[in-house]
Amino acid sequence: MSHEILRRTTSLALVAALSACALGPDFKRPEAPANGGYAAPGEENLPAKADIPNPQSEVIGQRISGEWWGLFRSSDLDQVVRQALTGNQTLVATRATLQQAEQQLRVAGGALYPQVNGSASFAREKENLSTFGLSGPSPVFNLYQVGPSVSYSLDLFGGLHRQVEEQAALAERAGYQLDAAYLTLTGNVVTQAITIASVRAQMRAVDDIIADDEKNLGLVQTEKTAGVANDADVLQAASQLDNDRTLLPPLRQQLAVARHAMAVLIGKAPSEWTPPDFDLATLNLPRELPVTLPSELVRQRPDILAAEAELHAASAAIGVATAQMYPSIDLTAMLSQGALFPGQLWRSAATTASLGAGLTAPLFHGGSLEAQRDAAQNAYDASLATYKQTVLQSFGQVADTLQALTHDAESLAAQRHALESSEESLRLMRLSYSAGTVGVLPVIDAERLVQQARLGFVRAQTQRDLDTAQLYLAMGGGWWDWQAGKNSVQP
């Protein structure tokens, strides 16, 4: 069931509740916030400096595609995300939960209609004639009965209609929770892909560092043989090589964990599937970043919409609890065939009918009904506070991500400058070494600065990619296209 069907069902439940003089408050959506931005006073937007590598810009109000990960323009990433959408077990479970909520809505809606049942019975009876002032042996006979019965609740105060409204809101909440699961899944896949690419780039940089260390150790040993270097210089070069070799095992572990996590995300055991070797060079950074206004964000983030649906359900629950404090009227009708022998059934003489109405009014329940209504009101107040907190947290997440992107751009620019400066310093140091004006140790130090700058540049680039992906998630990630079936893949 799509969100549109759920919304229509909820609207119909509201109309029906009003026509039945439903008790309790009629739900109204919380007002959208009036603030027009996310940044705190004095905070800067994305820098537009010329020295920022691959500058990004905010585009206010730009629509986000359901396939938001496609903006990284990686065919491998697109393929893995689609595999996850078909195989992820969390998504399967959340979809089943939605279907369960839809069936619960049907159950609640069925109570609005007359309940028709059929019954058949057989009894062997013995009558005591003395009860009727007669004498003689008591006769024993068989009694056969068959026929339908109908019952219907008038629902004068709308309790049943409020129950339908409540279940419709809960089903809508389950739908938004499925959308949130979709966003979480796609975000996790993209995060693991960037992590794999980053770790592989760092491992290549460390391999280069180790290769330089080995070369430098050989040069120092040669200089020692020539009497230019001493044992301390050799130990220093060997110690640096040993220390740099310790950088690889943690990176290998991090790569293994990311690969295993991605396998689990697509519904496979790590032994069954290996992800592609993602590379930072093939993950293109999106240049335009869609930024949704706060007033629109509260109408498109699935976690906010799920909290709103939960608030709607809590509002309807007040009506359910209030209606239980008032009388209820049930209508019943029964048409029955009764006979002593099966062959006598279905004759007009065997037909009996009854029509009745029952009134049940609460008189004294020790205050439990009032407490139940007050508890429902308290639950609504809690849901309202939860909704407001969800909205505030979403605004904080967007503000954090926008500021992170600002600082990521500045950090990347600084890391690039550090890399360029260290590379120029190394070039000059090598010229001096070739000219015999410096020894090999200053060259080793200069090479180390270059490699450290390369690692810093990779990490800064990675953080910028991760925060870019996080912004798409914070803005809602285009789940509406996926929910409509445009980009969804059913298992």
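All residue numbers here refer to positions counted from 1 along the written sequence of the relevant chain. Per-residue local features of the predicted model are confined to residues with pLDDT of at least 70, and side-chain atom pairs are confined, for both listing and counting, to 80 or more; whole-chain, interface and lining totals are unaffected and use all residues. Remark: hydrogens and water are excluded; side-chain values derive from all non-hydrogen atoms of the structure.

Draft legend 1. Just the overall build of the protein, in detail. Working definition: helices are DSSP H or I runs of at least four residues, strands are E runs of at least two. Numbering for both runs from the N terminus. The number of helices and strands found in the protein is 11 helices and 6 strands. Over its C-alpha atoms, taken along the principal directions, the protein stretches across nearly 140 × 55 × 45 Å. Out of the 491 residues in the protein, the part that is buried amounts to 41%. The contact definition used throughout considers only heavy atoms, calling two residues in contact when any of these lie within 4.5 Å. Taking all contacts inside the protein whose residues are at least 6 apart in sequence as the whole, residues at least 24 apart take part in 85%. For the protein, the accessible surface area stands at approximately 25,100 Å², while carbon and sulfur atoms represent 55% of it. Counted as positive: Lys and Arg. Counted as negative: Asp and Glu. His and the chain ends are not counted at all. Where a charge lies is defined by one atom per residue type: Lys uses NZ, Arg uses CZ, Asp uses CG and Glu uses CD. Mean positive and mean negative side-chain charge positions of the protein (36 and 51 charges, respectively) differ by 6 Å. A 1.4 Å probe rolled over the protein chains alone gives each residue an accessible area, and that area as a share of the maximum for its type sets the label: buried under 20%, exposed over 50%, partly exposed in between. Each accessible area is a Shrake-Rupley estimate made with a 1.4 Å probe; only the visible protein chains count as cover when residues are assessed.

Draft legend 2. Spatial organisation of the sheet that holds strand 3 (residues 140-153). Two strands qualify as a pair provided that DSSP identifies no fewer than 2 bridges between them. Pairing is antiparallel in the open sheet, where 4 strands are placed in the order 2-3-5-6. One side of each edge strand has no neighbouring strand; the edge strands of this open sheet are strand 2 (115-126) and strand 6 (351-360). For this sheet the average axis-to-axis angle between neighbouring strands, irrespective of direction, equals 20°. Bridge count between strand 3 and strand 5 (residues 328-339): 8 bridges; the pairing is antiparallel. Bridging across to strand 5, serine 151 finds its partner in threonine 332. Inter-axis angles, ranging from 0 to 180 degrees, are taken between N-to-C directions of lines fitted to C-alpha atoms, where helices are fitted over the stretch in contact.

Draft legend 3. Seen up close, the confidence of the model for the protein. Per-residue confidence from the predictor is reported as pLDDT, which spans 0 to 100. Of the residues in the protein, 91% reach a pLDDT of 70 or more, and the chain-wide mean stands at 86. Looking across the protein, the model is least confident in helix 1 (residues 3-19), with a mean pLDDT of 46, and most confident in helix 6 (residues 248-265), with 97. In the model, residues 4-20 has pLDDT below 50 throughout and makes 29 contacts with residues more than four positions away in sequence or in other chains. In the predicted structure, residues 484-491 sits below a pLDDT of 50 and forms 16 contacts with residues beyond four places in sequence or in another chain.

Draft legend 4. Highlighting the packing of aromatic side chains. Within 6.5 Å between ring centres, the rings of Phe, Tyr and Trp (the latter by its six-membered ring) count as paired, and their orientation is classed by plane angle as stacked under 30 degrees, edge-to-face over 60, tilted in between. Applying the stated criterion across every chain, the model contains 4 aromatic pairs. Every member of this aromatic cluster is reached through a ring pair, and the members are Trp68, Trp69 and Tyr472.

Draft legend 5. Structural view of the pattern of salt bridges. A carboxyl oxygen of Asp or Glu within 4 Å of a side-chain nitrogen of Lys or Arg is what we treat as a salt bridge. In this structure the tally under the stated criterion is 20 salt bridges. Here aspartate 231 ties to lysine 224 by a salt bridge, and the two come within 2.4 Å at their closest N and O atoms. Lysine 224 sits in the partly exposed class, given a relative accessible area of 40%. In this structure, arginine 301 and aspartate 303 form a salt bridge, with 2.6 Å as the shortest nitrogen-oxygen distance. Salt bridges sharing partners connect three or more residues here, namely Arg200, Arg204, Arg259, Asp277 and Asp279.

Draft legend 6. Layout of a nonpolar patch on the surface. Residues forming no salt bridge and having over 30% relative accessible area are the ones grouped into patches, like charges within 9 Å of each other and nonpolar side chains (Val, Leu, Ile, Met, Phe, Trp, Tyr) within 5 Å. Nonpolar side chains collect at one region of the surface, where Leu154, Leu156 and Leu331 lie side by side and expose about 210 Å² of accessible area between them. Its location among the elements puts leucine 156 in the loop between strand 3 and helix 4 (159-225). With a relative accessible area of 40%, leucine 156 lands in the partly exposed category.

Draft legend 7. Layout of helix 4. Helix span is expected to be 1.5 Å times the residue number reduced by one. Given a rise of 1.5 Å per residue, 67 residues ought to cover 99 Å, and the 96 Å separating the end C-alpha atoms of helix 4 matches this to within 8%. Phi turns positive, to about 85°, at glycine 227, one or two residues after helix 4.

Draft legend 8. A look at the packing of helix 8 (residues 302-323) against helix 9 (residues 368-434). Interhelical geometry of helix 8 versus helix 9 gives an angle of 170° and a closest axis separation of 8 Å. By the angle between their directions, the pair helix 8 and helix 9 is classed as roughly antiparallel. Residue-level contacts link Asp303, Ile304, Ala307, Glu308, Glu310, Leu311, Ala314, Ser315, Ala317, Ile318, Ala321 and Thr322 of helix 8 to Gln372, Arg373, Ala376, Gln377, Ala379, Tyr380, Ser383, Leu384, Tyr387, Thr390, Val391 and Ser394 of helix 9. Taken together, the residues that form the contact of helix 8 with helix 9 break down as 13 nonpolar, 7 polar and 4 charged. By definition in this entry, angles of less than 35 degrees are roughly parallel, angles greater than 145 are roughly antiparallel, angles of 65 to 115 are roughly perpendicular, and the rest are oblique. The nonpolar class holds Ala, Val, Leu, Ile, Met, Phe, Trp, Tyr, Cys and Pro. Asp, Glu, Lys and Arg form the charged class, and all remaining residues, Gly among them, are polar.

Draft legend 9. A look at the packing of helix 9 against helix 10 (residues 440-474). It is at 8 Å that the axes of helix 9 and helix 10 come closest, and there the two elements cross at 160°. On the basis of the axis angle, helix 9 is roughly antiparallel to helix 10. Seen along the crossing, helix 9 lies across helix 10 with a hand that is left-handed. For the contact of helix 9 with helix 10, the class distribution of residues is 22 nonpolar, 10 polar and 8 charged. The hand of a helix crossing depends on one turn: near helix anticlockwise from the far one by less than a right angle means left-handed, and clockwise means right-handed.

Draft legend 10. Molecular detail of helix 9. Taking 1.5 Å per residue as the helical rise, helix 9 with its 67 residues ought to reach 99 Å, and the 93 Å between its terminal C-alpha atoms agrees with that figure. Just downstream of helix 9, glycine 436 is the residue with a positive phi angle, here 80°.

Draft legend 11. Looking closely at unusual backbone geometry. Residues other than glycine seldom take positive phi values, yet arginine 73 does so here, at roughly 50°. Relative to the helices and strands, arginine 73 resides in the loop between strand 1 (57-60) and helix 2 (75-87). Positive phi outside glycine occurs at aspartate 155, with the angle close to 50°. Here aspartate 155 shows up in the loop between strand 3 and helix 4.

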